[in-house]
Every structure is written in C-alpha cells, then in structure tokens.
Number of protein chains: 2
Amino acid sequence: MVSTDPADLEDHGFSVNDYHPGAMHSVVVFPGSTEDVVQIVKVARKFKMPIIPYSGGTSLEGHTRGHETGGICVDLSRMDRILQINEADSDLICQPGVRWADINSTLKEKGIPLFLPLDPAPGATIGGMISTGCSGTNAVRYGTAKAEWFLNVTVVLPSGEVIKTRRRARKSSTGFDTTKLFIGAEGTLGIVSEATIRLAPLLPTTVAVVQFPTVRHATEAVREVMNKGVGIQCVELCDDVFMQATNKFGMSLRKWPEKDSLFFKFQGHSQESLQETARVVKSVVEKHGGTGFELARNEQEAEDLWADRKNAHYSGIALLEGSKGWPTDVCVPVSKLPELVYETKKDLAESGILSTIVGHVGDGNFHALLLFRTDEELEAARHAVHRMVKRAIALDGTCTGEHGVGIGKKEYLVEELGDGTVELMKTIKRTLDPLNLFNPGKLYPDEPRPKGRNQ
Amino acid sequence: MVSTDPADLEDHGFSVNDYHPGAMHSVVVFPGSTEDVVQIVKVARKFKMPIIPYSGGTSLEGHTRGHETGGICVDLSRMDRILQINEADSDLICQPGVRWADINSTLKEKGIPLFLPLDPAPGATIGGMISTGCSGTNAVRYGTAKAEWFLNVTVVLPSGEVIKTRRRARKSSTGFDTTKLFIGAEGTLGIVSEATIRLAPLLPTTVAVVQFPTVRHATEAVREVMNKGVGIQCVELCDDVFMQATNKFGMSLRKWPEKDSLFFKFQGHSQESLQETARVVKSVVEKHGGTGFELARNEQEAEDLWADRKNAHYSGIALLEGSKGWPTDVCVPVSKLPELVYETKKDLAESGILSTIVGHVGDGNFHALLLFRTDEELEAARHAVHRMVKRAIALDGTCTGEHGVGIGKKEYLVEELGDGTVELMKTIKRTLDPLNLFNPGKLYPDEPRPKGRNQ
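Cut-off values and rules
Residues numbered from 1 in each chain as written. Chains lettered and ligands numbered in written order. Predicted model: local features only at pLDDT ≥ 70, side-chain atom pairs only at ≥ 80, totals over all residues. Heavy atoms only, no water. Salt bridge = Lys/Arg side-chain N within 4 Å of Asp/Glu carboxyl O. Buried < 20%, exposed > 50% of the residue type's maximum accessible area, 1.4 Å probe, protein only. Helix = DSSP H or I, 4+ residues; strand = E, 2+ residues; numbered from the N terminus. UniProt positions renumbered as here; feature names shortened; annotations may be inferred. Least-squares fit on C-alpha atoms with pLDDT ≥ 70 in both. Contact = heavy atoms within 4.5 Å. Lys, Arg positive; Asp, Glu negative; His and termini not counted. Polar contact = N/O pair within 3.5 Å; in protein donor to acceptor, adjacent residues only side chain to side chain. Core = buried A, V, L, I, M, F, W, Y, C linked by side-chain atoms within 4.5 Å. Pairing = 2+ DSSP bridges. Arc of directions from axis to C-beta. Expected span 1.5 Å × (residues − 1). Phe/Tyr/Trp six-rings, centres within 6.5 Å; stacked < 30°, edge-to-face > 60°.

1. Some points on the pattern of salt bridges
Per the counting criterion, the structure on display carries 54 salt bridges over all chains. Between Arg99 of chain A and Asp102 of chain A there is a salt bridge; the shortest N-O distance is 3.6 Å. Under the relative-accessibility criterion, Arg99 of chain A is labelled partly exposed at 39%. Note that Arg166 of chain B is salt-bridged to Asp177 of chain B, the shortest N-O span being 3.4 Å. Highlighted residues: Arg166 of chain B in the loop between β9 (162-164) and α6 (179-182) and Asp177 of chain B in the loop between β9 and α6, separated in sequence by 11 residues.

Shown next as structure tokens:
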C-alpha cells in the first residue's frame, strides 16, 4: 500500500505536538510484513532515498518529520498483530505497529493477569517505544525500555538484511546485547519489524494524593518512601500550577488545594498490603510536611484521582485560553530535582510564560508544558526550553529523560555526552548505514566532524 | 607496576575454574588510573600486542586466558576505590577493581541502607561484572547487569580515547545507550576504568526451603508464586543430587530430604510482610505438591539455610572424592526448564557423569557442575556440556545465561544468534578495534566471514 495523498504526507510528516522545522515526505508506504519492509529498503537504496519509520505518531521531538530531499515514510500501522502469547513464560511476540495499550487490553480480555508496564502516550506503539527508549509513570517500579522488557527484536538493517537479535530466554550473556543498539536509535540503525516482550504480573493497585509546602519537601518524602520497600508503582509530582490548571479544567470531581502535590499509585498482592503501604506512606509524607493525604476508597475513586494526573495535557492547555503547549522533558539525579524545578519556575515566571510541571519524581524526570498563543510567545517558550535543558545538563542530567532526541534535542548531545561518546554513536551509524538513508537529520548532532575518531 | 614473574603470568592467564585451551601472557601490568590504562593501550598499539583485561579472576569460560602471540594482561585490581557515594540519589561512582561484595559491606559499615543487587561470585569485581553481563541469585527481582544498574561507564577505547557514556541521571533518552555496548563485551571493545552504579534499598529478608516430587512441580509453583506479587528476592532450584551432595558435604546443620528443592529468599519492608509472603508462598507451593516447607525462625537460621545453597561449588565437589568440577550455565524460557533439566539429567546418568544442578529458576537459568577425575572423564564432561548447550538452544534458549562466552561458548553463537546478528557484533568490533588488539580470540566465533555484510 502506497500513498502520495497530500493529506497523508502532511499527517505523517508533521505533528500537532511539536514545533520543529522539517519538510514533507515524498511518499508514505504501509508494509504488511518484514519482507515488505525489506523490499522498501531495497528501493530506498536503489534511489538513495531517505527512509523515515512511523508508527504511533505520538513522538514530541520531530522524529517523523520529512527530510529536505524528500523520502519514504514507512508507516508500520498495518503490522499491528500480537503473534504469540506465552503466558507460562510471561512474554509475547508482536509486530511493531501494536499499541502498548492494546496489548494490555488484549491480555485483560483474555483473562491473562500480565501486563507490559512501559506506559508512554496511550497511542504509542511498540516500534516507536523501542526506537525512542520510552518509559512513563511506571518506570520508577519497572525501569525503562532500556531495561529488560524487550527480549529480542527482529530488525531490517540499512543493508536490507534481517536479523533477530536474541532468542526468547529472559537472560543471556552471549556478548553485548545487540537488542540495545536499536532501543533509542530512533530508526537510524534499522527498522524493528517484530519484538519479543517480557510481561509483568498484573497486581491490584490503588491511588493516593497528598500536598506539600514545596517541591523539596515532596522530593525528600519520595526518597524516604522509596527506601521503605513498600509497593510503589508510580509517584508523580504535580506542581501548584498543574493543580490550579486541573481546577480550572473542571473535569475533576474535586477542588484541589493549589499546592505542589504527589500522586501515588500503590501496588500489592492484596487489599491488606495496599492498606499497609498506604499507612507507611502516610506516616512518611506527614513527617515531611505532607497534608491532606487522601486514599481512594475504591476502584472508581482510584480511577478518578488518577485521571486528574493523566489529563495533564488537556488541563495544562486549559490554563490559558486559546493557547497551545510546547511539551518537553528533562531528567536529573533525584536530589537535584528541587533545584531544577525551583530555578525553572523562576525563569518561566520572569519570562512571563505559563507552564505546568509534572514529574516522574522517583526518577528525577519531569515534563513541562509551556503555553503560548502568538509567534512571539512560541519563540519565548523555545528559548525557555533551551535554558531548562542547559540547567538540567549542568546538574549532571540529560536533555531528555524519555521523549528522545529527534530534531529538537540534537544540539545538546555533545555538551551532555561529550565529543567522544557522540562520535562513537556516529561511527556506529556510519558503519551500519554508510548511505545515511535511515531517518537522516535526526538524533545525531549536525556539525561535521573528522571521520574515524574512534578507530 | 609491571610483572613478568612466571607465577604472575600463570596466575593471570590460567584459571582453576575452567579447562579451556590458551597461552601465557607476556606481561602483567597494574594500572592505577584511567591515564595509566591509556598509556598501556598506546604501548599495545605501538607494538601491536593484544591486551587482555583482568579484574576479579572469577570468570569461568577462559575470558582472561593469554593469547598465542603473547600479550599484555591489564590487572585492574589496584583501581579498587569507591570514589563517591551519593546516598540521596541511591548511586555511587567507583573504579573497576572494586568487588561488589566490598561495595555492599562498605555501605553496611557506613550505615547506608542501600546495596548493589548484582551478585555473581563473591570475588567478582565491577569491571568483570560489566564485561561479562553478570547477574546472580537476585536477578529474578532486580534484573541483570544488562538492566539499568550501570548509569554510565568511563571506557578506554581501542583507539586510546577515553569516553564517558552518559551522565548521572537515572533515565536518559539521548539515543541508543552506549553504556550497553560494553556490558557483556568481555573487554573486546574497551576497558572500563570507572562506573556509576545505581543502588537499591536494602530490605529485611528471610529464607524458606521446600521439597517437591519433580522439577516440573517446582517450576510450576515458582511461576504461580512470581505472579502473586509478593516480595521474592531469590528463588533457587537445587536438584536431588545437589541436596544429596549437601548432606554428604556435612557443613549443613540439617539432614535434607534428597529431593528437588526450592530455596526462597523473601524480602519485605517489615517482619509482618515477610510472614505474609511466607504464608502466601507456603499455600502456593503446597498446592503444587511441595512438602516440608521450612521458614527460618530468625536471622541466624536464615543465614544457615542460605549457606547450604551458597556452598554449591564445595558441596558439589564433595560428591565424588578426588574430583574436580566443570561449571557451566545455560538459560531457557522458564516453561522449558523442566524439560531441559529432565533431559540433561538423563543424559548425564547415561554418560555416567555425576553433576549437581542449581538453578535461578525464576529466570530459567541453571548451573551444572560436572564432576570428573581423569582426562577421559574430563572429555566426557566436555561433550555432555556440548549436548546441554545444544539442547538449551533448541528450546529457544541461550548457551550462557550469566557466565559469558569467553573461549568456552564462542562456537555456539552463530547457531544461537544467527549469522546476521553475529556479523553485526563482529562489524562493531572491527570498527572500534580494527587492529583486533582487545581480548582477541574471545567472544566472537572464529570462522572467517566476508567483510561488510551489514553495510
């Protein structure tokens, strides 16, 4: 299946989620199998055309933007099947176009009490999740895509060759794990056409919310809670502006105190163990100045409370009528988070930019949604993001905790990782894709450098 | 510091733990800093001499064996300092020569309730643990070295260049994670000279032991236990022969039923939660035919019970007077474990080889210790290991779950991973180490292949 319909080209090459520069794709193709992908790669090689993989279209840094010379957008949405569920091994095999949310609802429908804990945007698909090195709210308990959820991947390399990186055993010590080469590579080293995914036991959960005088109080409470060893599946920091936005948005059943707040999701093997976790957490957070600790009394209340956290994007936008939002994320060592949030909020206030902040606080990762209405305000937001990234890197952190590099963050890689590490990445890229056809212009910094530095 | 003392050369080039072929090193050097390592690499490049890194010396597959052309063994044992402990961030920075056991005892002495959960042989050091892609008994709870315990590594590349792969944030989505290139690379892509390690909260634990009619009963019990979501830190399968060996060894305070047994280590935030876990586990294992469930009544009893598991090597050897043991490990999808153990035990019995089996059953990984006294018996053991590996690979498993490839397993890589994946590994090796100086003859299969298959 092939399309040159301008609407398809527009839809695949641009995103309502980001404001990075870019061009249109020449064509969008919809492979149905690994073999189809191989054929597309062969055509691309023949005509030296860039290949830009596309799956869920939820990325935020221009990952699927078209290339200035034109190119082939490979939309993997037709490859959306779960091929095998191995309940006894807690794993499954699937194609790259399947959504994590659909994997979890399929497991639920089948009555299999397992789930994939990686939870980026609900529309995100396995191919993009691998390629972005995603994570989400569950990462504080389960780690990220770079942990051990992907047991193997089948990849079409830039050469057109198909490899499967590993077998299905949970562990293997057979050299460095080539699966990891493709996690976070943003489609620049190959196109993932199949994956074997490890699943986790699905456990009872509940939700609690608590307010704090400052982000520092909240962060210190989180540190102590995490060291207790009770069942924490998620712990999310929502700043005072976020809570104000939630009130203004009006979808919440509550009127929240407009203070820096923590949203906890507890997990346990029984209702009793959830109650015990709640008891321990309440005592720790109150020691750190937490007030208004509210524990869901039933499943419905838990869902309602969590919805207020999950509505982040829409409630954020609601804060300023007629605005759009620039979403971004950075990540620092956990102890540096209060400083980073404090300085960022001060900067935003001084720049007259409204923004909510919501953080995966257990990992030192936070998202900001910078609101703007005019081109001038968009430029101000762009500059504020730039300063936020610089601040995060200066605190031994990263320009992106989970959104990836794409176009939007590539200028920061040398400062963050150093010349040598970036050159190592580029050396591997050049080795695997000497024609530079796979998602060119993304991930790797632009400046020309002498070849062969790592050799 | 440099040594050409034959005792040093022998000590660094050969191992009492394995029976693989190899040659003597030309010289052993003892760098004290990253800069020293750089100087050694420069010398090696000048004289085109192989470099073989060495740290704990506990590897089992000939990883530190000398090269036939002679070479420089780089002993990192002087670089054994913990450089920085960031308690508030649950991480630390250290040199490659420090033992994980020393990291954990240092944290304990300082009263910092954190630990590194990777637990291979007690003498193993960080450099070797990274390079082997290690794990151990805690992996069922915490994952392996290939998960997210190593936040970054500083590496001296074959070019002599020093890179640091990442900063100290727990998460980063800045492209594929180059840290992972060096985890499991067995020193073939660079020498790790510093690492930042994430730590886990240290929690109360206790131990329980239970016997089963067969390995299949035990494995199915483990599967159900793991899905309960109670606090399991370790679950180890010790077969009937292992328990017989433990009785014969005579260091146990108990006389064990000589049946396939599970050793559990529970973890929880309180004594009550440990008791609750024990109650849940007891009920599940008894449903699966488990008998004699014994829970440690105090810390001393827990230590005593666990010691019987930990004495595996010595109790195994005790089974046959005057014997040595060939240790090996394989790993399969968990549901395949009973079949693999059954077939392997049948094969060993038919071959007249005594062996204990002890498995990280939650991960489908097991170790066998094949006993022999004569050269003929050694050859028989070698062939039995070969058949065990073939069996594991046929069950969608791996030739090594945690010991690594070294010399002993490299012949299996093509069958297990496929031509294309092995060629990808070799392509990266050739790109980073075009002179093939870094631990040559290890990890990558020997057969010559045409260059540039992945290009």
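Picking up where we left off.
2. Notes on the UniProt feature "domain: FAD-binding PCMH-type" (unreviewed entry) in chain A
UniProt marks residues 19-202 of chain A with the feature "domain: FAD-binding PCMH-type" (unreviewed entry), using the numbering shown here. End-to-end, the C-alpha atoms of residues 19-202 of chain A are 38 Å apart, and along that stretch the chain is 21% helix and 23% strand.

3. Quick look at the relation of the copies chain B and chain A
For the pair chain B and chain A, the superposition axis carries a translation of 0.0 Å, the fit reaches an RMSD of 0.0 Å, and the rotation angle comes to 180°. Taken together, these values place the two copies in the relation of a two-fold axis. Across chain B, the rotation axis passes nearest the C-alpha of Ala147 of chain B, at a separation of 2.1 Å. A shared binding surface is used by both copies, with 100% of the interface residues of chain B retained as interface residues in chain A.

4. Some thoughts on the side chain of Lys442 of chain A
Residues and elements named next belong to chain A. Within the secondary structure layout, Lys442 lies in the segment after α15 (419-432). Buried charge without a partner: Lys442 forms no salt bridge, and the closest opposite charge is Glu186, 8.0 Å away. Among the polar contacts made by the side chain of Lys442, one reaches the side chain of Asn439 at a distance of 2.7 Å. Setting aside residues up to four positions removed in sequence, Lys442 forms contacts with Ile52, Gly62, His63, Thr64, Arg65, Thr188, Gly406 and Ile407.

5. A short note on the nonpolar core
A general feature of soluble globular proteins is that nonpolar side chains tend to end up buried together. Formed by 190 residues in total, the largest nonpolar core has its most connected members in Ile126 of chain A together with Ile126 of chain B. Apart from the residues within four sequence positions on either side, Ile126 of chain A is in contact with Cys94, Gln95, Pro96, Val98, Ile103, Leu116, Phe150, Ala195 and Ile197 of chain A.

6. With respect to the pairing of strand β17 (residues 355-360) of chain A
Within a regular strand, the side chains alternate between the two sheet faces. Residue and element names in this part refer to chain A. With 6 of 6 residues buried, β17 lies mostly within the body of the structure. With burial as the criterion, each face of β17 is covered, one bearing Ser355, Ile357 and Gly359 and the other bearing Thr356, Val358 and His360. When strand β13 (residues 232-238) meets β17, the two strands line up antiparallel, connected through 3 bridges. Within the sheet, the bridge partner assigned to Glu236 lies in β17 and is His360. Of the pairings in the sheet, the one linking β17 to strand β18 (residues 365-372) comprises 6 bridges and is antiparallel in character. Looking at β18, one finds that Gly359 is bridged to Phe366. If you look at the hairpin formed by β17 and β18, you'll find 4 residues sitting between the two strands, and Gly364 has a positive phi there, around 75°.

7. Re helix α1 (residues 6-13) of chain B
Residues and elements named next belong to chain B. Within the sequence span of α1, burial applies to Leu9, His12 and Gly13. Summarising the axial view, the buried residues of α1 lie within an arc of 90°, below the 170-degree limit, and thus occupy one face. The inward-facing, buried residues of α1 contact β1 (2-3), β2 (27-29), β3 (51-54) and β4 (72-75).

8. A look at helix α13 (residues 375-394) of chain B
Residue and element names in this part refer to chain B. Helix length check: α13 (20 residues) gives 29 Å between terminal C-alpha atoms against 28 Å at 1.5 Å per residue, within 8%. Listing the buried residues of α13 in full gives Leu378, Ala381, Ala384, Val385, Met388, Val389, Arg391, Ala392 and Ile393. As for α13, its buried residues are in contact with β16 (324-331), α12 (337-350), β18 (365-372) and α14 (413-417). Taken from the residues just after α13, Asp396 is the one with a positive phi, measuring 70°.

9. A look at unusual backbone geometry
Residue and element names in this part refer to chain B. Positive phi, normally seen in glycine, also occurs at Lys48, with a value near 50°. Take Lys48: it is sitting in the loop between α2 (34-47) and β3. Overall, the relative accessible area of 52% leaves Lys48 in the exposed class. Of note, Ser90 is a non-glycine position whose phi angle comes to about 50°, a positive value. Residue position: Ser90 is located in the loop between β5 (82-86) and β6 (91-94).

10. Describing the packing of aromatic side chains
The geometry of two aromatic rings is summed up by the distance between their centres and the angle between their planes. Residues and elements named next belong to chain A. Taken as a whole and judged by the stated rule, the model has 12 aromatic pairs over all chains. For the ring pair Tyr19 and Phe372, a centre distance of 5.0 Å and an interplane angle of 90° mean the geometry is edge-to-face. Pair noted here: Tyr19 is in the loop between α1 (6-13) and β2 (27-29) and Phe372 is in strand β18, with a separation of 353 residues, a long-range link. Comparing Tyr19 with Phe372 shows no difference in burial state: the two are buried. Within the aromatic cluster, the residues linked to one another by ring pairs are Tyr19, Trp326 and Phe372.

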